[in-house]
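# Observations on the three-dimensional arrangement
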Amino acid sequence: MEITMNGDYDIIEIEKDNINLIKDLWEKNRIFHQNKTNNFSYQYSNLNFDERMNNIFDSKDINHYKITGIISQSNIIGYCLSIIQKNSGELCTLFIDEKYRNNGLGHILIEKHLEWFKNNECNSISVNVLIENKDTIKFYESLGFKQNIINMKIPLKKIEVNGLSKSWMFEANLLARLPNFLETLSNLLIRISYDANS
């Protein structure tokens, strides 16, 4: 783990084996996004740190990764995780603890990662931002990022069939079958009871 000083904060480079150092902050970031989105909160409620990290690091196309943390008084208060796939850089996740925001720490992390991308001769650098997260969009625009593609989705919970959203359809089907299931179960128990008494 490489440590450099930056005023009141230490900046550390984290190896993949120590990825759990950012787990608590990643969880705060997940909850932040879950609460921020109007239509896709269910996607964030199902995210799991270990699965997400495995998905990132198990990709065959990843050439390099960089995980940078910021420490204040022995606590990690922010991090940035980036990857390079072929010649493309991606900022995967960035988070600064709420108590330490508006101190330029996000800029410090991003600038370190942008320099890393350039040193590795990336042709492009991208980041995905939640559309409702206007402050973060402005933050990345201040660093030179431009909006490119808007990825539009239909939230699964909004698809309705006969007035019921698909997420409720499964439960409605189960409820509709419940009387038949209970009758079958009752007949089975009577039969077992009868066989046991014979």
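A short tour of the structure in this document, coming up.

The rules we used
- Residues numbered from 1 in each chain as written.
- Predicted model: local features only at pLDDT ≥ 70, side-chain atom pairs only at ≥ 80, totals over all residues.
- Heavy atoms only, no water.
- Salt bridge = Lys/Arg side-chain N within 4 Å of Asp/Glu carboxyl O.
- Helix = DSSP H or I, 4+ residues; strand = E, 2+ residues; numbered from the N terminus.
- Buried < 20%, exposed > 50% of the residue type's maximum accessible area, 1.4 Å probe, protein only.
- Arc of directions from axis to C-beta.
- Contact = heavy atoms within 4.5 Å.
- Patch = residues over 30% accessible without salt bridge, like charges linked within 9 Å, V, L, I, M, F, W, Y side chains within 5 Å.
- Areas by Shrake-Rupley, 256 points an atom, 1.4 Å probe, with all protein chains shown as cover.
- Pairing = 2+ DSSP bridges.
- Right-handed = clockwise from strand over helix to strand, strands pointing away.

## Re the pattern of salt bridges
Counted under the stated rule, the structure contains four salt bridges. The salt bridge involving Glu 13 is made with Lys 66; its shortest N-O contact spans 3.2 Å. Separated by 53 residues along the polypeptide, Glu 13 in strand β2 (residues 9-13) and Lys 66 in strand β3 (residues 62-72) bring together distant segments of the chain. Among the residues examined, Glu 13 registers a relative accessible area of 17% and is labelled buried. Here Lys 28 and Asp 97 are joined by a salt bridge, their closest N and O atoms 2.7 Å apart. With Lys 28 in helix α1 (residues 23-36) and Asp 97 in the loop between β5 (88-96) and α4 (105-119), the pair connects residues that are 69 residues apart, well separated along the chain. Asp 97 sits in the buried class, given a relative accessible area of 8%.

## Here's the deal with helix α5 (residues 134-142)
Within the sequence span of α5, burial applies to Ile 137, Phe 139 and Tyr 140. The arc that holds the buried residues of α5, viewed along the axis, is 160 degrees, so those residues lie on one side. Opposite the buried face of α5, by more than 90 degrees, sit the exposed residues Lys 134, Asp 135, Lys 138 and Ser 142. Elements that come into contact with the buried residues of α5 comprise β5, α4 and β6 (124-127). Positioned one or two residues after α5, Gly 144 has a phi angle of 105 degrees, which is positive.

## Thoughts on a nonpolar patch on the surface
Together, Ile 131, Ile 150 and Met 152 make up an exposed nonpolar region whose accessible area comes to about 360 Å². Within the fold, Met 152 resides in the loop between α5 and β7 (160-161). Residue classification places Met 152 among the exposed positions, given a relative accessible area of 74%.

## Concerning the pairing of β5
Of all nine residues in β5, seven are buried; the element is thus mostly enclosed. Bridging between strand β4 (residues 75-85) and β5 involves eight bridges; their strand directions are antiparallel. Paired with Tyr 79 across the bridge in β5 is Phe 95. Once β4 ends, the chain turns through two residues before running back antiparallel as β5, passing Lys 86 with a positive phi of about 55 degrees. Pairing geometry for β5 and β6, over four bridges, is parallel. In the strand pairing of β6, Gly 89 is matched with Ile 125. Handedness of the crossover is the feature at issue here: the chain leaves β5, passes through α4, returns alongside β6, and the resulting connection is right-handed.

Interpretation note: all reported values are geometric properties and have no functional meaning in isolation.
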